[in-house]
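Letter by letter, the chains look like this.
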Amino acid sequence: NARSYAVDVADEAMEGEIRAGDRVIVDGEIQPIPGDLVIVRSHRTKRTYLRKYRALGFSPDSGELIFEAKPINQDYLSMNSESDLLQVLGVVVEHRRIRRKT
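The structure reproduced in this document is the subject of the present report.

Conventions we followed
Residue indices follow the written sequence of each chain, beginning from 1 at its first position. Local features in this predicted model are restricted to residues of pLDDT 70 or higher, and side-chain atom pairs are both shown and tallied only at a pLDDT of 80 or more, whereas totals for entire chains, interfaces and linings draw on every residue. Just so you know, side-chain values use all the structure's heavy atoms and leave hydrogens and water out. Put simply, DSSP H or I for four residues or longer makes a helix, DSSP E for two residues or longer makes a strand, and each gets a number counted from the N terminus. Only when DSSP finds a minimum of two bridges between them are two strands counted as paired. The salt bridge criterion pairs a side-chain nitrogen of Lys or Arg with a carboxyl oxygen of Asp or Glu, the two atoms within 4 Å. Remark: exposure states derive from per-residue accessible area (1.4 Å probe, protein chains only) relative to the maximum for the residue type, with buried under 20%, exposed over 50%, and partly exposed in between.

Observations concerning unusual backbone geometry
Item 1. Residues other than glycine seldom take positive phi values, yet Lys46 does so here, at roughly 65°.
Item 2. Structurally, the position occupied by Lys46 is in the loop between strand 3 (37-42) and strand 4 (47-58).
Item 3. Non-glycine residue Leu85 carries a positive phi angle of around 55°.
Item 4. As for its placement among the helices and strands, Leu85 is situated in the loop between strand 6 (79-80) and strand 7 (86-96).

The following block contains the structure:
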């Protein structure tokens, strides 16, 4: 679809499932469900990240869904949609391992 795009993974936050240098195909029209891999943008850091989506509940103040963006590699930090001002840009629908030349 028109809102699908490819992203080359730059860090090792998802190591164990996805390695740096791999490519993921992202669909910007799919709403994430718990356990989905997502691309999120932090409006606090002005950067995008590949993480696992985890719903936490609803904000008592705004009623908006609060979610966590978790890495698989525990050496990286988890992010929270409230404190890190996260926006989901899309859900990973395909993962391609890029062959490393030796």
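Looking at the sheet that holds strand 5 (residues 65-70)
Item 1. Pairing within the open sheet is antiparallel, and its seven strands lie in the order 1-2-7-3-4-5-6. Bordering the open sheet on either side are strand 1 (4-8) and strand 6, each of which pairs with just one other strand.
Item 2. Pairing analysis gives six bridges linking strand 3 to strand 4, with the strands arranged antiparallel. In the strand pairing of strand 4, Arg41 is matched with Thr48.

A closer look at the pairing of strand 7
If a strand is regular, its side chains alternate between the two faces of the sheet.
Item 1. The sheet contact formed by strand 2 (residues 23-27) and strand 7 spans five bridges and is antiparallel. In the strand pairing of strand 7, Val26 is matched with Val92.
Item 2. As defined by bridge partners, strand 3 adjoins strand 7 across five bridges and the pair is classed as antiparallel. Paired with Ile39 across the two strands is Gly90, which belongs to strand 7.

Quick notes on the pattern of salt bridges
Item 1. Applying the stated rule across the entire model yields six salt bridges.
Item 2. Residue Asp8 is joined to Arg23 by a salt bridge in which the shortest nitrogen-to-oxygen separation is 2.6 Å. Linking Asp8 in strand 1 with Arg23 in strand 2, this pair joins segments that are 15 residues apart in sequence.
Item 3. For Asp8, a relative accessible area of 47% translates into the label partly exposed.
Item 4. Between Arg96 and Glu94 there is a salt bridge, with its nearest N and O atoms 2.7 Å apart.

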